[in-house]
Amino acid sequence: MVDAPSQKDDVDAGKATVDMNHDGKNDTAVQTRDDGTVVGYTDTDGDGEADVITIIEADGDVTIGEHTGEDQWTDVEHGHIDSQGNYTPDSTGSRR
């Protein structure tokens with residue numbers, strides 16, 4: 001589930017299908033939007049709620065945000081996917 005600020009209720013991100021921290025348990029649900037944007041919702045603490053959102057836009061721009069409170073998300077990093085397919089950070093916010 002995702003605590004989405006623009007929604008009255010939490011949003012179902014779907015079933016986690018990716019194990020981002022390699023602990024043997026899937027923790028990230030991935031969605032692809034009609035415009036080619038890929039969004040990953042990661043539950044880092046195993047409580048069933050997304051704690052980190054990673055947005056990869058069709059043009060390669062990347063935004064990473066953290067859930068910082070009720071209906072609140074904070075951008076913590078911006079970057080891009082380079083021509084080799086690697087992620088390169090452009091800026092990092094302060095993590096709480």
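Residues numbered from 1 in each chain as written. Predicted model: local features only at pLDDT ≥ 70, side-chain atom pairs only at ≥ 80, totals over all residues. Heavy atoms only, no water.

An unreviewed UniProt entry lists the protein chain under the name DUF6802 family protein, with Kibdelosporangium lantanae as the source organism.

Take a nonpolar patch on the surface next. On the surface, V18, M20 and V30 cluster together into a nonpolar patch covering about 240 Å² of accessible area. Tracing the sequence through the fold places V18 in the segment before β1 (28–32). Classification of V18 by relative accessible area gives partly exposed; the value is 30%. (Patch = residues over 30% accessible without salt bridge, like charges linked within 9 Å, V, L, I, M, F, W, Y side chains within 5 Å. Areas by Shrake-Rupley, 256 points an atom, 1.4 Å probe, with all protein chains shown as cover. Salt bridge = Lys/Arg side-chain N within 4 Å of Asp/Glu carboxyl O. Helix = DSSP H or I, 4+ residues; strand = E, 2+ residues; numbered from the N terminus. Buried < 20%, exposed > 50% of the residue type's maximum accessible area, 1.4 Å probe, protein only.)

Within strand β2 (residues 38–42), four of the five residues are buried, leaving the element largely enclosed by the surrounding structure. Direction of pairing for β1 relative to β2: antiparallel, over a ladder of five bridges. When the sheet's bridge partners are listed, T32 is paired in β2 with V38. Connecting the antiparallel pair β1 and β2 is a turn made up of five residues, with G36 showing a positive phi of about 95°. (Pairing = 2+ DSSP bridges.)

Now for the environment of I56. As for its placement among the helices and strands, I56 is situated in strand β3 (residues 52–56). For the pair I56 and G79, spaced 23 residues apart in sequence, the C-alpha to C-alpha distance is 9.3 Å. For I56, the residues in contact, after removing those within four places along its chain, are G36, T37, V38, D61, V62 and I81. (Contact = heavy atoms within 4.5 Å.)

Another aspect to go through is unusual backbone geometry. The backbone of H22 shows a phi angle near 55°, a positive value even though the residue is not glycine. Mapped onto the fold, H22 is located in the segment before β1. H22 sits in the exposed class, given a relative accessible area of 70%. Of note, the phi angle at D71 is positive, near 60°, even though the residue is not glycine. As for its position among the elements, D71 is in the loop between β4 (61–69) and β5 (72–81).

Let us look at the nonpolar core. Counting residues in each nonpolar core, the largest one holds seven residues, listed as V2, A13, A29, V39, Y41, A50 and I53. Excluding its chain neighbours within four sequence positions, the residues that come into contact with Y41 are V2, A13, D27, T28, A29, Q31, R33, A50, V52 and I53. (Core = buried A, V, L, I, M, F, W, Y, C linked by side-chain atoms within 4.5 Å.)

A cluster of acidic residues, D34, D35, E57, D59, D61 and D90, forms a negative patch on the protein surface. Position of D61 among the secondary structure elements: in strand β4. (Lys, Arg positive; Asp, Glu negative; His and termini not counted. Charge placed at Lys NZ, Arg CZ, Asp CG, Glu CD.)

With that settled, consider the side chain of D51. One can find D51 in the loop between β2 and β3. The charged side chain of D51 is buried without a salt bridge, its nearest counter-charge being K25 at 10 Å. For D51, the side chain forms a polar contact with the main-chain nitrogen of D45, separated by 3.3 Å. Dropping the residues within four chain positions of it, D51 is found in contact with T42, D43, T44, D45, G65, E66, H67 and W73. (Polar contact = N/O pair within 3.5 Å; in protein donor to acceptor, adjacent residues only side chain to side chain.)

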